[in-house]
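Structure at a glance
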Amino acid sequence: MGASVTTGLQMAAARPCIPACQRLLGSRASVPSYARVLSTQTGFASCKKSASAGPFVSLNQRRFAVRAMSQSGAQGLPIDLRGKRAFIAGVADDNGYGWAIAKSLAAAGAEILVGTWVPALNIFETSLRRGKFDESTKLPDGSLMEITKVYPLDAVFDSPEDVPDDVKANKRYAGSSNWTVKEVAETVKNDFGTIDILVHSLANGPEVKNSLLETSRKGYLAAVSASSYSFISLLQHFLPIMNPGGATISLTYIASERTIPGYGGGMSSAKAALESDTRVLAYEAGRKGKIRVNTISAGPLGSRAAKAIGFIEKMIEYSYVNAPLQKELLADEVGNTAAFLASPLASAITGSTIYVDNGLNTMGLALDSPTLST
């Protein structure tokens, strides 16, 4: 870390100041080649005067610029999360975005902890033990992703006092304990002390197939509770054990800002709330704990959870036909974006909604609309 800070200071000290007239005329010939290298790396410094005596770079700084450039060419710009620990809430199988994010973080060197919805915990852990996920745990280097620990989690409940009697008596929760958000955060603290990365991959709308006009108050509030407030609760309870400089990532959907008929039950409202909360929490968590908060607006994926809306295959086809990039959207592409956002390479990015949808969010016209062929 110390080396990277020193590097930044050296590059800033060597940043050339180019006269405005020279920039406008595009006269690069008068600028020494090593200065052009530095300007490419860092950008030009602003000048108080329109005229300048021109850039001055010492011999040592010049050598540094060449060395930095050669090292970059040899080693690339890797995402390095070695020594970091991530908690991913909402992993219950091997084909959703939560799993893909876990894999990308692991490939970058992070230690992986996951929180799994209590009723799905037994099946998930059994599948892991029996090797049913071995093929999908393969990382780019051929090794298998290791999940250090799986925690039972139901993020709808903040503390044991919030759990109603019917849930306590539910057979699907039998045998599990300490699964409210507060208890999971405390258990992770006792087990590992701290984390660096918090991922929210949770969403549920019991009335998702209902139009908004047909959604009950109970169904609407349930969607918001499970899909957006759960992120606030997770950050509220995990923030005290997150190392400064850490990052949180959640998953949203374009229905937060565009009308997607059929994506009902209050889910569009829940995603809009999640994106708004991302901006507010970026300020609060940034000031309080130096934690970055971002959300990824991912395109449609045929995961088991997404199939609950009933027309996910049509949404995937629609995206393929109408998006600027006509290709299948891969879960790994969302996972890799999450790894970038969690890394020092994104150290100045917070409060942002990052679109990973082959560009579909930019379109204002459906190219496959029948009206265009008439």
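Thresholds applied
Residues numbered from 1 in each chain as written. Predicted model: local features only at pLDDT ≥ 70, side-chain atom pairs only at ≥ 80, totals over all residues. Heavy atoms only, no water. UniProt positions renumbered as here; feature names shortened; annotations may be inferred. Helix = DSSP H or I, 4+ residues; strand = E, 2+ residues; numbered from the N terminus. Buried < 20%, exposed > 50% of the residue type's maximum accessible area, 1.4 Å probe, protein only. Contact = heavy atoms within 4.5 Å. Lys, Arg positive; Asp, Glu negative; His and termini not counted. Salt bridge = Lys/Arg side-chain N within 4 Å of Asp/Glu carboxyl O. Polar contact = N/O pair within 3.5 Å; in protein donor to acceptor, adjacent residues only side chain to side chain. Pairing = 2+ DSSP bridges. Axes fitted to C-alpha atoms, helices over the stretch in contact; angles between N-to-C directions. pLDDT = per-residue confidence, 0-100. Phe/Tyr/Trp six-rings, centres within 6.5 Å; stacked < 30°, edge-to-face > 60°. Expected span 1.5 Å × (residues − 1).

- As recorded in an unreviewed UniProt entry, the chain goes by the name enoyl-[acyl-carrier-protein] reductase (NADH), listed as coming from Leersia perrieri.
- Here is the UniProt Subunit (unreviewed entry) comment for the chain, exactly as written: "Homotetramer."
- The UniProt entry for the chain carries the following text under Sequence similarities (unreviewed entry): "Belongs to the short-chain dehydrogenases/reductases (SDR) family. FabI subfamily."

So, the overall build of the chain
- For the chain, the count of helices and strands is twelve helices and seven strands.
- Counting the 374 residues in the chain, one finds 44% classified as buried.
- Put simply, of all contacts in the chain between residues at least 6 apart along the chain, 77% involve residues at least 24 apart.

Digging into unusual backbone geometry
- Although it is not a glycine, Asn178 sits at a positive phi angle of roughly 55°.
- Among the structural elements, Asn178 can be located in the loop between α7 (165-168) and α8 (181-192).
- Positive phi is not limited to glycine here, since Asn358 has a value of about 60°.

Details of the side chain of Asp154
- Structurally, Asp154 is set in the loop between β3 (147-153) and α7.
- No salt bridge forms around the buried Asp154; measuring N to O, its nearest opposite-charge neighbour Arg172 is 7.9 Å away.
- In this structure the side chain of Asp154 is engaged in a polar contact, spanning 3.4 Å, whose partner is the side chain of Trp117.
- Polar contacts involving the side chain of Asp154 include one to the side chain of Tyr173, which spans 2.5 Å.
- Contact partners of Asp154, with chain neighbours within four places excluded, come to Trp117, Val118, Tyr173, Trp179, Thr180 and Val181.

A look at the sheet that holds strand β5 (residues 242-252)
- Taken in spatial order, the seven strands make up an open sheet running β3-β2-β1-β4-β5-β6-β7, and their pairing is parallel. The open sheet has two edge strands, β3 and β7 (353-356), and neither has a second partner. If you compare each strand with its neighbour and ignore which way they point, the axes differ by 20° on average.
- Bridging between strand β2 (residues 111-117) and β3 involves six bridges; their strand directions are parallel. By the bridge assignment, Leu113 is partnered in β3 with Lys149.
- With respect to the sheet, helix α5 (residues 97-107) is in contact with β1 (85-89), β2, β3, β4 (195-200), β5 and β6 (292-298), its orientation differing from that of β1 by roughly 175°.
- Relative to the sheet, α8 contacts β1, β2, β3 and β4, its axis offset from that of β3 by approximately 155°.

Some details on the confidence of the model for the chain
- Overall, the predicted model of the chain reaches an average pLDDT of 84, with 78% of residues at or above 70.
- Scored below 50 in pLDDT, residues 1-74 shows 51 contacts in the model against residues more than four places distant or in partner chains.

Things to note about the packing of aromatic side chains
- Enumeration according to the criterion identifies eight aromatic pairs in this entry.
- Ring plane angle 40° and centroid distance 5.8 Å describe the contact between Phe124 and Phe133, whose orientation is recorded as tilted.
- By the ring-pair criterion, three or more aromatic residues cluster together here, those being Phe87, Tyr151 and Phe238.

Considerations on helix α12 (residues 331-342)
- Taking 1.5 Å as the rise per residue, α12 with twelve residues should run 16 Å; its terminal C-alpha atoms sit 17 Å apart, in good agreement.
- Within the span of α12, buried status applies to Ala331, Val334, Gly335, Thr337, Ala338, Ala339, Leu341 and Ala342.
- Elements in contact with the buried residues of α12: α5, β4, β5, β6 and β7.

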